[in-house]
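# Survey of secondary and tertiary structure
Take a look at the letters that make up each chain.
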Amino acid sequence: MAQHHLHSKEARNFAPFVLRMSENEAENLLAEIRWGSPSMQVCPWCGVMRKHYRKHKRRRWCCADCNRDFSVTSHSLLHGHKLSFKQLVLAALMFANKVKGSTLLLMSRDLGITPKTCQVLAGKIRESFLKNIDLAPLDGIVHMDGGYFCGKPRKPNCRIKMPADAIAKRFGRKKIQNTAKPWIEAGMTRENWERRADKRTVISICSSAGRGNGSARTMAFVCRSENAADVKRIAEKFITPGSIVMTDEGGAYGALSGLWEHYWVPHAERFSTPEGVSNNMAETFNSRLRRGEYGAFHGFRPKYLQDYAAEFAWRETNRKLSQRDQVLTILRGLLTQGKSEWWRGYWQGHHRKEELGLDYFLNRLT
Ligand SMILES: [Zn+2]
């Protein structure tokens, strides 16, 4: 029987190297990832590639053309960081290793840096995933499914439904009808009941890597609900016409029949039909994100749910890469994007205003 990829040497081939790494080696690694050369640098100010003047003590270079200073992280997502280069490589390694998401406190304890720094660093890694995601349409067999996240009311400590006559006595029958206080009938506080307003759907699509090999590429989009309009917009932009799309029996997926060869599995009865129809690859993604929600993060905020969905789509897509390639992909994403749009000055009050979702990706395509 073939060895599982998580048990192979490739799944642990980078940690020993990173743990022994010196600061110089870490800097050289980042330089090679960013510029593709251990000895030549590209000045981020003027774009000239050559061997610039080295300032050894400060670990920076002075541009031989425009005379301005820069380091290996200048003008990238990591611009202005205060961490050592080794800590950055270690952070990427730990981020890749935690397959169901890395909490801030865990990162903070592992790296010896504050949770605030970890939040910004993890936010920047997610920003790189969002900006580097491959939006080319999926083809072949595509599984599609939606899962609900964020707005789930907590179970009340004591779930006592007030009997109708007690409600009438306390609020007056007429008043109840007029003001409609469903949280009372559900035995919850109003605050708890209103958590439902944060409820969002993550609709994921996964293309097949061949029978028995799971998914090849995964994309995930945050929508307000699992509705036919959003399902159609996702399919039109991100699934090649003529592909085979498999979903569950949800009414929203009826919109797919026509342009796509659409099959559905009745989840009330079974998870796959004898003919091989299932949407298990998308269910796997949902399950991974759900484990992150319950097991690691203890809840998402709607404003940042798309960031987490992009992170988990990256994890799903790259799960079979070697450990080294996963870490290098994360670092490449951080070093090849410009300065952070959403996380620079986060603790000084510069927060992203908008909640990202499906429209963010659709706008990028137009
Ligand atoms: Zn220059």
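All of the points below concern the structure found in this document.

Each value, and the rule that gives it
Residues numbered from 1 in each chain as written. Predicted model: local features only at pLDDT ≥ 70, side-chain atom pairs only at ≥ 80, totals over all residues. Heavy atoms only, no water. Core = buried A, V, L, I, M, F, W, Y, C linked by side-chain atoms within 4.5 Å. Buried < 20%, exposed > 50% of the residue type's maximum accessible area, 1.4 Å probe, protein only. Helix = DSSP H or I, 4+ residues; strand = E, 2+ residues; numbered from the N terminus. Contact = heavy atoms within 4.5 Å. Pairing = 2+ DSSP bridges. Salt bridge = Lys/Arg side-chain N within 4 Å of Asp/Glu carboxyl O. Donors = N, O, S within 2.8 Å, 3.2 Å for Na, K, Ca; no water. Tetrahedral: all angles 85-135°; square planar, octahedral: opposite > 155°, others 65-115°. Expected span 1.5 Å × (residues − 1). Axes fitted to C-alpha atoms, helices over the stretch in contact; angles between N-to-C directions. Parallel < 35°, antiparallel > 145°, perpendicular 65-115°, else oblique. Left-handed = near helix turned anticlockwise from the far one by under 90°. Nonpolar A, V, L, I, M, F, W, Y, C, P; charged D, E, K, R; others polar. Phe/Tyr/Trp six-rings, centres within 6.5 Å; stacked < 30°, edge-to-face > 60°. Lys NZ or Arg CZ within 6 Å of the ring centre and 35° of its normal.

Met 144, Val 202, Ile 205, Ile 234, Phe 238, Ile 330 and Leu 331 are the most contacted members of the largest nonpolar core, which totals 90 residues. Counting residues per element, this core draws most heavily on helix H3 (residues 85–97), which supplies 10 residues. Those residues in contact with Ile 205, other than ones at most four positions away along the chain, are Leu 138, Val 142, His 143, Met 144, Arg 217, Thr 218, Met 219, Phe 221, Ile 234, Phe 238 and Ile 239. Among the nonpolar cores identified, the runner-up in size contains five residues, and Trp 183, Ile 184, Met 188 and Trp 193 belong to it.

Moving on, we get to the sheet that holds strand S5 (residues 69–70). Taken in spatial order, the three strands of this open sheet run S3-S4-S5, and their pairing is antiparallel. For this open sheet the edge positions go to strand S3 (53–55) and S5, each flanked by a neighbour on one side alone. Where S3 and strand S4 (residues 60–62) come together, three bridges link them in antiparallel fashion. Residue Arg 54 lies in a different strand from S4, and its bridge partner there is Trp 61.

Moving on: the pattern of salt bridges. Applying the stated criterion across every chain, the model contains 19 salt bridges. For Arg 60, the salt bridge goes to Asp 69, with nearest N and O atoms at 3.7 Å. A salt bridge links Glu 341 to Lys 131; the shortest N-O distance between them is 2.8 Å. Of this pair, Glu 341 sits in the loop between helix H13 (323–335) and helix H14 (358–365) while Lys 131 sits in helix H5 (residues 115–132), placing them 210 residues apart in sequence. Because the salt bridges share partners, they merge into one network encompassing Lys 55, Arg 58, Arg 60 and Asp 69.

A few words on the coordination of the zinc ion. Every protein donor of the zinc ion is listed here as Cys 43 (SG), Cys 46 (SG), Cys 63 (SG) and Cys 66 (SG), and their distances to the metal cover 2.2 to 2.3 Å. Viewed at the metal, the four donor atoms of the zinc ion are separated by angles of 102 to 119 degrees, and the geometry they form is tetrahedral. Of note, the zinc ion draws all its donor residues from one chain, in the sequence arrangement C-x2-C-x16-C-x2-C. With Cys 46 in the loop between strand S1 (41–42) and strand S2 (49–50) and Cys 63 in the loop between S4 and S5, the pair connects residues that are 17 residues apart, well separated along the chain.

This paragraph deals with helix H12 (residues 302–317). In a regular helix each residue adds 1.5 Å, so 16 residues correspond to 22 Å; H12 covers 23 Å between its end C-alpha atoms and thus fits that length. Within H12, 14 of the 16 residues are buried, which leaves it mostly tucked inside the rest of the structure.

Where strands meet in a sheet, backbone hydrogen bonds hold them as pairs that are either parallel or antiparallel. Sheet architecture is open: five strands sit in the order S8-S7-S6-S9-S10, paired in mixed fashion. In this open sheet, the two edge strands, each paired with only one partner strand, are strand S8 (215–223) and strand S10 (261–265). Adjacent strand axes in the sheet meet at a mean angle of 25 degrees, parallel and antiparallel pairs treated alike. Bridging between strand S6 (residues 141–149) and strand S9 (residues 244–248) involves three bridges; their strand directions are parallel. When the sheet's bridge partners are listed, His 143 is paired in S9 with Met 246.

The next thing to look at is the packing of helix H2 (residues 23–35) against H13. Between two packed helices, both the angle of their axes relative to each other and the distance between the axes serve to describe the pair. The N-to-C vectors of H2 and H13 enclose an angle of 65 degrees; their axes lie 9 Å apart at closest approach. Put simply, H2 runs roughly perpendicular to H13. H13 is crossed by H2, and the crossing has right-handed handedness. Listed contacts from H13 to Leu 29, Leu 30, Ile 33 and Arg 34 of H2 are Leu 328, Leu 331, Arg 332 and Leu 335. When the residues that make up the contact of H2 with H13 are grouped by side-chain class, the tally is six nonpolar, no polar and two charged.

Turning our attention to the environment of Gly 254. When you line up the elements, Gly 254 lands in the loop between S9 and S10. Since its relative accessible area comes to 46%, Gly 254 is described here as partly exposed. For the pair Gly 254 and Ile 239, spaced 15 residues apart in sequence, the C-alpha separation works out to 16 Å.

One pass over the structure, following the stated rule, counts 18 aromatic pairs. By way of ring pairs, the aromatic residues Phe 149, Phe 297, Phe 300, Tyr 308 and Phe 312 are connected into one cluster. One residue, Arg 196, lies across the ring of Trp 193, its end atom 4.0 Å from the ring centre.

What follows is about the environment of Cys 43. One can find Cys 43 in the loop between S1 and S2. Note on Cys 43: relative accessible area 1%, which makes it buried. Taking C-alpha positions, Cys 43 is 36 Å from Val 99, a pair spaced 56 residues apart along the chain. With near-sequence residues (within four places) excluded, Cys 43 lies in contact with Val 48, His 52, Cys 63, Cys 66 and Phe 70.

Shape is all these values report; function is a separate question.
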